[in-house]
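# Inside the fold
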Amino acid sequence: MARRSANDGHTVTTSDAVDLSSARNRGFLSKFRPRGREDESASRSNGGPIEIKVPTHRMSGDDPKNVVKSASRALLKLTLSEPPSDQPRRTRRASPSDRTRHQRSPSLQRHHSSRPRMSRDDGGNVFSEQIRNTKKDRQQHVTFLSVSNHGEACTVARVARPPLLQHSCLSMPNNVTTTQRGWSFVNMFFVLLTCIALISFTVSRMLIKDKFLLPDFNSYLSVVTIDEIEASKEVINKDKPKTVAYAVSFIKCGDKQTHAAGLTDASIVLRHSIYKISSRNPSSGSKYDFKMYALVHPQAESCSSKLQDVGFEVIIVDPPVQPSEIRGEHLRKKIHKEWCCGSDEFIKLHAYTLPEEIIVHLDIDFAFYKPMDHLFDAILYDKDSIEGQKARQQIELERPGEKLPDKIGAFITRDWGQVAPEKFPPAYQAGFIVARRDPSVKDEMVEVIKEGNYTAGWGKGFGWAGTGHGGYVGAMAMQGLVAYYYDHVRKDNAVELNQCRHNHMGMDVRYRHPPNYTPRYVKQEFIGGCRNALEYCEDCMVTDFENIYSVHYTMCRKPWQCIAKPDDGITDCKKGTCLDTNVVNVEHCYEVIKEWHKLRTEVEEELLKMTGDETIMEGQKGDYKNDIFMGHCNDDGNDGYLLMSGKDDTFKRVNDLYH
């Protein structure tokens, strides 16, 4: 092991090296091993190791050149020095042909007489040629050397990516000698410069090509085992935050989601909410990072540049299926009429192909309020692992105690508001899914669509393959397709989450009020009971906000619609301009809407601090129900909303808030 000397210097000796397999010795200096000299070099072990001492003050900081210079000088000095006293001097005599050649050119003779002469090794290769052959290794490793008094060169530390310490001891050719006159100072100087330039070039290539930062050599110039190296790599990978892909889809410009508020303000607030539950926000306690994606239909490409400005990676995608490719007649002719976007909505399936291990696809009218690490862990970790077992115990299930799949592929919520108890299966709520990356899911769903086995009608015997997944809103598109797929095609793969905690909409989940209320068609005992037919279900209209992970702003209306009037039979409400008191609790809606406006206010305040742009405050001068809308509304309804304000350069710096 390396020893610390009395003058507080770092010492590296040949005893620090350990011999590995031949595969480990194919790095820098591997070509210096003389052929057929193993036994001879093994017998020369009389002398002790020569120490290379590197002062501690030269080791500090991030300057590896100082270490390399010291090691290179010692190697050069020993390589060019006299051999041990018990070894005869080996000097190559000039052949008669050499002398004749030199006599014909006196200047050439003088030139050769001042140069060191190198003998050939047993393989017939000139040693200087071997040095040139090491150019292949320069781009792969940075090597630091210690040498013994017998000319042995030992690889003490080799830095690769990720940081890896390897050790091997390689013998220098003993038949390399100098002439009796020795090397001139100029030659030695140029050799030293060449060594320094070579090492500097290698280090710079690693820094530029691999973006790799060299570690502190004080801690790495020592002997470690391969097992310790592998263990350290596992710790590094385990501690590094895993990245989750968060994706939204945009299908056309100018609809309710891609107008100015839905595209810019909603996307900024959504991203800020994800930041707050991620590892980038230390107070969240999460160990998962995030990356934002926008899956954009070609017809919405013209309005997608704003998403790039606020930190989304925009991916232009075509629908994976065209109506003309659908073999089923009814679906082929009617799919274009389905809510919201017909077959164009199937661009959401591209989310399964994003590069991250976990994807979260959601609508733009969404916000997160609690980390979902336990869901991500349940997908990534084996069910029998400690992490997997702990995560599974924390999952908020729609049906508590339900058996979980051995390998979870997705977490979904159901659209129970559209169904009657025990009449037909519920739709998938298409605004939210957490899933494992799996391109095969997309391929299988595309094949289901192309087959087009869909029968028009409501209830069992209709819908996709006659399974009852039909008749409700979105049945021919994502709402019906995904529900049918996880119920019948890829069974025991998806887990249904508690709809009051995840993808929260604040709506009534009991069968007691319109819409979708026809009591004559259900058993009397289900009237007023849970739509999912359970004896007990949580009342989502009054769920404590501290228990809510995410909110989907649908039934409580979108925050930028500034809707605060209840449809109580007294207020004059047009369709969709009031809060439906049959479906939601007005006070609860006020609470969740205010949380969205809090997020927007946080973004505005942070942007103001960073840019000093006072025009940002123009977006907070509203006076309509400021206790809810926090200055972002002037009146009730869409026209009363005040867009986020600021200069163009200010919005382009939104991304800087999250580095």
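Thresholds applied
Residues numbered from 1 in each chain as written. Predicted model: local features only at pLDDT ≥ 70, side-chain atom pairs only at ≥ 80, totals over all residues. Heavy atoms only, no water. Helix = DSSP H or I, 4+ residues; strand = E, 2+ residues; numbered from the N terminus. Buried < 20%, exposed > 50% of the residue type's maximum accessible area, 1.4 Å probe, protein only. Contact = heavy atoms within 4.5 Å. Areas by Shrake-Rupley, 256 points an atom, 1.4 Å probe, with all protein chains shown as cover. pLDDT = per-residue confidence, 0-100. Salt bridge = Lys/Arg side-chain N within 4 Å of Asp/Glu carboxyl O. Core = buried A, V, L, I, M, F, W, Y, C linked by side-chain atoms within 4.5 Å. Phe/Tyr/Trp six-rings, centres within 6.5 Å; stacked < 30°, edge-to-face > 60°. Lys NZ or Arg CZ within 6 Å of the ring centre and 35° of its normal. Polar contact = N/O pair within 3.5 Å; in protein donor to acceptor, adjacent residues only side chain to side chain. Disulfide = S-S within 2.5 Å. Axes fitted to C-alpha atoms, helices over the stretch in contact; angles between N-to-C directions. Parallel < 35°, antiparallel > 145°, perpendicular 65-115°, else oblique. Nonpolar A, V, L, I, M, F, W, Y, C, P; charged D, E, K, R; others polar. Pairing = 2+ DSSP bridges.

This next bit is on the overall build of the protein. Tallying secondary structure elements over the protein gives 19 helices and 20 strands in all. A total of 659 residues make up the protein; the buried ones form 50% of that total. A separation of at least 24 residues holds for 70% of the contacts in the protein among residues at least 6 apart in sequence. With the model as given, the accessible surface of the protein reaches about 32300 Å², and the carbon-plus-sulfur share is 49%.

What follows is about the confidence of the model for the protein. Counting all residues, the mean pLDDT for the protein is 76, and 65% of those residues have values of 70 or more. Low pLDDT (under 50) marks residues 78-181, which in the prediction has 211 contacts with non-local residues, meaning those over four places away or in another chain. Every residue in residues 209-222 scores below 50 in pLDDT, and together they form 37 contacts with partners more than four places removed in sequence or on other chains.

A word on helix 16 (residues 478-489). Helix 16 sits mainly inside the fold: nine of its 12 residues count as buried. Within helix 16 the residues assigned to the buried category are Met478, Gln479, Gly480, Leu481, Val482, Ala483, Tyr484, Tyr485 and Tyr486.

Position of Glu496 among the secondary structure elements: in strand 17 (residues 494-496). Given a relative accessible area of 8%, Glu496 falls into the buried group.

It is worth spelling out the pattern of salt bridges at this point. Across all of its chains, the model carries 22 salt bridges by this definition. Asp487 is the salt-bridge partner of Arg414, the closest N and O atoms lying 2.6 Å from each other. One end of the pair, Arg414, is in strand 12 (residues 414-415); the other, Asp487, is in helix 16, with 73 residues separating them in the sequence. Since its relative accessible area comes to 26%, Asp487 is described here as partly exposed. With a closest N to O distance of 2.8 Å, Asp438 and Arg490 form a salt bridge. With Asp438 in the loop between strand 14 (432-436) and helix 15 (439-451) and Arg490 in the loop between helix 16 and strand 17, the pair connects residues that are 52 residues apart, well separated along the chain. Judged by relative accessible area, which is 18%, Arg490 ranks as buried. Salt bridges here are not isolated pairs; linked through shared partners, they connect Asp265, Arg600 and Glu604.

Another aspect to go through is the nonpolar core. By size, the foremost hydrophobic cluster in this structure holds 82 residues, and its most contacted members are Tyr246, Val360, Phe368, Met372 and Phe411. Looking at which element gives the most residues to this core, the answer is helix 17 (residues 586-611), with nine residues. Counting residues in each nonpolar core, the second largest holds 42 residues, with Leu295, Ala351, Leu354 and Met478 among its members.

This paragraph deals with the packing of aromatic side chains. Applying the stated criterion across every chain, the model contains 13 aromatic pairs. Look at Tyr369 and Phe545: their rings are 5.0 Å apart centre to centre, the planes differ by 65 degrees, and that puts the pair in the edge-to-face class. Note that Tyr369 is positioned in the loop between strand 10 (366-368) and helix 13 (373-380) and Phe545 in the loop between strand 17 and strand 18 (550-552), a separation of 176 residues in sequence. Members of the aromatic cluster, each reached through a chain of ring pairs, are Tyr246, Phe366, Phe368 and Phe432. Here the guanidinium or amino end of Lys370 rests over the ring plane of Tyr549, the centre of that ring lying 4.4 Å away.

Our focus in this paragraph is the side chain of Asp377. Tracing the sequence through the fold places Asp377 in helix 13. Of note is the side chain of Asp377, whose polar atom sits 2.8 Å from the side chain of Lys287.

Taking burial as the measure, the eight residues of helix 13 include seven buried ones, the bulk of the element. For helix 13, the secondary structure elements touched by its buried residues are strand 6 (242-250), strand 7 (288-296), strand 9 (358-362), helix 14 (386-393), strand 11 (410-412) and strand 14.

Glancing now at the state of the cysteines. Applying the stated criterion across every chain yields a total of six disulfides. Disulfide pairing places Cys556 opposite Cys589 at an S-S distance of 2.0 Å. The sign of the -70 degrees torsion about the S-S bond sets the Cys556-Cys589 disulfide as left-handed. Here Cys556, found in the loop between strand 18 and strand 19 (566-567), pairs with Cys589, found in helix 17; they are 33 residues apart in sequence, far enough to count as distant. This pair shows no difference in class: Cys556 is buried, exactly as Cys589 is. At a sulfur-sulfur separation of 2.0 Å, the disulfide partner of Cys562 is Cys633. Between Cys562 and Cys633, the S-S dihedral sits near -80 degrees, and the bridge is therefore left-handed.

This part is about the packing of helix 15 against helix 16. Each pair of packed helices can be summarised by the angle the axes make with each other and by the distance between the axes. In the contact formed by helix 15 and helix 16, the axes pass within 11 Å of each other and the chain directions differ by 105 degrees. Considering the angle they form, helix 15 stands roughly perpendicular to helix 16. Between helix 15, through Val441, Glu444, Met445, Val448 and Ile449, and helix 16, the contact on the second element is made entirely by Leu481, Val482, Tyr484, Tyr485, Tyr486 and Val489. The residue inventory of the contact of helix 15 with helix 16, partitioned by class, reads 10 nonpolar, no polar and one charged.

Let's shift gears to the environment of Gly480. Topologically, Gly480 is positioned in helix 16. When residues no more than four places from it in sequence are discounted, the contact partners of Gly480 are Trp464, His469, Tyr472, Gly474 and Ala475.

A word on the pairing of strand 14. Among the five residues of strand 14, five are classified as buried, and the element is accordingly described as predominantly covered. Residues Phe432, Val434 and Arg436 point to one face of strand 14 and Ile433 and Ala435 to the other, with burial holding for every one of them. Sheet analysis places strand 9 next to strand 14, joined by five bridges and oriented antiparallel. Opposite Leu362, over in strand 14, you have Phe432 as the bridge partner.

Strand order in the open sheet formed by seven strands is 8-7-6-9-14-11-17, and the pairing between neighbours is mixed. At either margin of the open sheet sits one strand with a lone partner, and together these are strand 8 (313-316) and strand 17. Along the sheet, successive strands turn relative to each other by an average axial angle of 25 degrees, direction set aside.

This next bit is on the environment of Glu618. Secondary-structure assignment places Glu618 in the loop between helix 17 and helix 18 (626-629). Overall, the relative accessible area of 42% leaves Glu618 in the partly exposed class. Expressed as a C-alpha distance, the spacing of Glu618 and Ser645, which sit 27 residues apart in the sequence, is 5.9 Å. Among all residues touching Glu618, those that are not within four sequence positions of it are Leu642 and Ser645.

One non-glycine residue, Ala465, adopts positive backbone phi at about 55 degrees. Mapping Ala465 onto the fold places it in the loop between strand 16 (463-464) and helix 16. On the accessibility criterion, Ala465 (35% relative accessible area) is partly exposed. With a phi angle near 50 degrees, Asp492 is a residue other than glycine that sits in the positive phi range. Its location among the elements puts Asp492 in the loop between helix 16 and strand 17. Relative accessible area serves as the criterion here: at 67%, Asp492 is assigned to the exposed category.

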